[in-house]
Amino acid sequence: MKSTMKMAMLAAVMGITSPNVFASAGCRVETMAAAFDWSRSATGTWAGMHEGKMQWYKLDAKGGLWQSHDGKKWTADKTGMWMDKEGKWLKIHEGKLVWSTDGNAWSEVPEWKWEGADGKWYKFDASWKLWVNG
């Protein structure tokens with residue numbers, strides 16, 4: 001097996017997507033740059049689930065959670081929680097984004113990223129600005 005082919009297979013197994021890894025071997029691997037193309041949300045809203053229905057959510061200036069069925073009429077969400085695409089509960093607790101599968105044991109969400117009910121990926125930055133990918 002050619003060395004470039006071995007390198008490509010190793011990179012695929014290890015999840016390396018940088019084309020620079022293969023520059024010296026004369027082989028270019030297509031990157032997944034679009035998969036990591038984050039942009040700041042223009043609306044500050046994300047899709048979540050609640051009681052089996054998709055809803056839209058947003059934070060107010062004080063960090064309160066708001067929900068909407070149509071993205072137009074908003075009400076304060078008394079639970080402060082929403083569900084991601086996989087059915088995990090998410091909420092903001094003590095200045096961190098946390099999640100739970102059972103609503104009892106909570107842990108911090110890695111990199112504050114989650115997949116919304118609409119299949120898009122969302123994340124908050126340190127100042128609670130919403131970013132979207134997809």
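Draft legend 1. Region of the structure containing the pairing of strand β11 (residues 121–124). The two faces of β11 differ: Tyr122 and Phe124 on one face are buried, but Trp121 and Lys123 on the other face are not. By the bridge criterion, three bridges tie strand β10 (residues 113–115) to β11 in an arrangement that is antiparallel. By the bridge assignment, Trp114 is partnered in β11 with Tyr122. Adjacent in sequence and paired antiparallel, β10 and β11 are bridged by five residues, among which Gly119 carries a positive phi angle near 85°. In this structure, the hairpin formed by β11 and strand β12 (residues 130–133) is closed by a connection of five residues, where Trp128 is found at a positive phi of approximately 65°.

Draft legend 2. How the structure looks around the sheet that holds β10. If you trace the four strands from one edge of the open sheet to the other, you get β1-β12-β11-β10, paired in antiparallel fashion. The open sheet has two edge strands, β1 (39–40) and β10, and neither has a second partner. Taken together, the two bridges between β1 and β12 define a ladder with antiparallel strand orientation. The partner of Arg40 across the bridge, within β12, is Trp131.

Draft legend 3. Spatial organisation of the nonpolar core. Counting residues in each nonpolar core, the largest one holds 16 residues, and the members touching the most others are Trp46, Trp82, Leu90, Leu97, Trp114, Tyr122 and Phe124. What Trp114 contacts, discounting residues up to four positions off in sequence, is Trp46, Trp82, Asp84, Leu90, Leu97, Trp99, Lys120, Trp121, Tyr122, Lys123, Phe124 and Leu130.

Draft legend 4. Spotlight on the side chain of Gln55. Secondary-structure assignment places Gln55 in strand β3 (residues 53–59). On the accessibility criterion, Gln55 (3% relative accessible area) is buried.

Draft legend 5. Quick look at the pairing of strand β4 (residues 65–68). In terms of strand pairing, β3 meets β4 through four bridges, oriented antiparallel. The partner of Lys58 across the bridge, within β4, is Trp66. The turn linking β3 back onto β4 is made up of five residues, and Gly63 within it adopts a positive phi angle of 90°. A loop of six residues connects β4 with strand β5 (residues 75–76), the two strands running antiparallel in sequence, and Gly71 in this loop sits at a positive phi of about 80°.

Draft legend 6. Representation of the side chain of Asp77 in the model. Looking at the element boundaries, Asp77 is found in the loop between β5 and β6 (81–83). A distance of 2.9 Å separates a polar side-chain atom of Asp77 from the backbone nitrogen of Gly80.

Draft legend 7. Spatial organisation of the confidence of the model for the protein chain. For the protein chain, mean pLDDT is 81; residues scoring 70 or higher make up 73% of the total. Here residues 1–34 is modelled with pLDDT under 50, and outside its nearest four sequence neighbours on either side it reaches 22 contacts, counting other chains as well.

About the criteria used
- Residues numbered from 1 in each chain as written.
- Predicted model: local features only at pLDDT ≥ 70, side-chain atom pairs only at ≥ 80, totals over all residues.
- Heavy atoms only, no water.
- Buried < 20%, exposed > 50% of the residue type's maximum accessible area, 1.4 Å probe, protein only.
- Helix = DSSP H or I, 4+ residues; strand = E, 2+ residues; numbered from the N terminus.
- Pairing = 2+ DSSP bridges.
- Core = buried A, V, L, I, M, F, W, Y, C linked by side-chain atoms within 4.5 Å.
- Contact = heavy atoms within 4.5 Å.
- Polar contact = N/O pair within 3.5 Å; in protein donor to acceptor, adjacent residues only side chain to side chain.
- pLDDT = per-residue confidence, 0-100.

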